[in-house]
Amino acid sequence: MSIKKLMTDTANYNHWVTEQYVAWLSKKSDLQLNQTVESSFPTILLTLDHIWMTQSYWVSKIMEDNSFVFNPDRSSVTKEEIFSGYLHSSKKLMDYINGISEAELIKTVNIEEQWFSCNFEKYTYLQHLVNHGLYHRGQIVTMGRVIRITDAPMTDYNFYKVRAS
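On a predicted model such as this, the values are computed, not experimentally measured, just so you know.

Cut-offs and rules
Residues numbered from 1 in each chain as written. Predicted model: local features only at pLDDT ≥ 70, side-chain atom pairs only at ≥ 80, totals over all residues. Heavy atoms only, no water. Buried < 20%, exposed > 50% of the residue type's maximum accessible area, 1.4 Å probe, protein only. Helix = DSSP H or I, 4+ residues; strand = E, 2+ residues; numbered from the N terminus. Pairing = 2+ DSSP bridges. Phe/Tyr/Trp six-rings, centres within 6.5 Å; stacked < 30°, edge-to-face > 60°.

In this section: the pairing of strand E1 (residues 108–112). Sheet faces and side chains relate simply in a regular strand, where the side chains alternate between the two faces. Here E1 shows one buried face, formed by Val109 and Ile111, and one open face, formed by Thr108, Asn110 and Glu112. Looking at chain direction, E1 and strand E2 (residues 117–121) are connected through five bridges and run antiparallel. Bridging from a neighbouring strand, Asn110 pairs with Asn119 of E2. Taking the residues that link successive antiparallel strands as the turn, the E1-E2 hairpin has four residues.

Quick look at the packing of aromatic side chains now. This model, assessed by the stated rule, comprises 14 aromatic pairs. Look at Trp16 and Tyr160: their rings are 5.2 Å apart centre to centre, the planes differ by 45°, and that puts the pair in the tilted class. Within this pair, whereas Trp16 is found in helix H1 (residues 3–25), its partner Tyr160 is found in helix H7 (residues 157–164), the two being separated by 144 residues in sequence. Overall, Tyr160 belongs to the buried group, its relative accessible area being 10%. With 6.0 Å between their ring centres and 55° between their planes, Trp115 and Phe116 make a pair best called tilted. Ring pairs connect the aromatic residues Tyr57, Trp58, Phe68, Phe70, Trp115, Phe116, Phe120 and Tyr125, which therefore count as one cluster.

Purely geometric stuff here, so don't read any function into it on its own.
Right, here's the structure in full:
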C-alpha cells in the first residue's frame with residue numbers, strides 16, 4: 001500500500017469520525033456539554049474545542065499556509081461554532097490530502113515554535129493530528145459515561161472500513 005492511499009484513507013476516516021461526533025454531540029443539551037468532569041479539559045465542549053483548535057493548527061502546518069491564528073479567549077465561542085469549525089477543518093484536511101501527490105505527502109516541513117521545533121514529513125504530522133483527536137475523543141466518551149451519556153457512536157477504524165466496503 002502506498003503512503004498516498006494510506007494517508008488519504010486516514011484523512012477520510014478522520015473526517016468521517018468528526019461527522020459522527022458532531023452528529024452525536026449536537027443532540028446533547030448545553031447542560032450536558034458544559035457539565036464539569038475531571039479530565040484534561042473540564043467539559044465535553046471544551047475538549048471538542050481543543051480538538052478543533054489543535055486540528056486547525058496542524059492542518060495549517062500540513063498545508064504550509066500558516067493561516068492558523070489562536071485566540072486564547074475561547075469564552076465566547078458557541079457550540080455551533082465549535083461543531084461547524086471542527087467539521088470544516090476536518091473536511092479541509094481531507095480535501096487537501098485527497099488532492100495532493102505522494103511526493104507532497106513525504107515532503108518535510110520545518111516547524112519552529114516557541115515550545116518545540118521539528119522537521120518531519122507531512123504524513124507524520126497527519127498521523128499526529130489524527131492520533132491526537134482519537135485520544136481526546138476517547139476522553140469525551142469517558143466523560144460522557146460519567147454524566148450518563150452512554151450512546152456514543154462506534155468509530156473504530158475497522159468499523160469504518162467495513163462500512164466503507
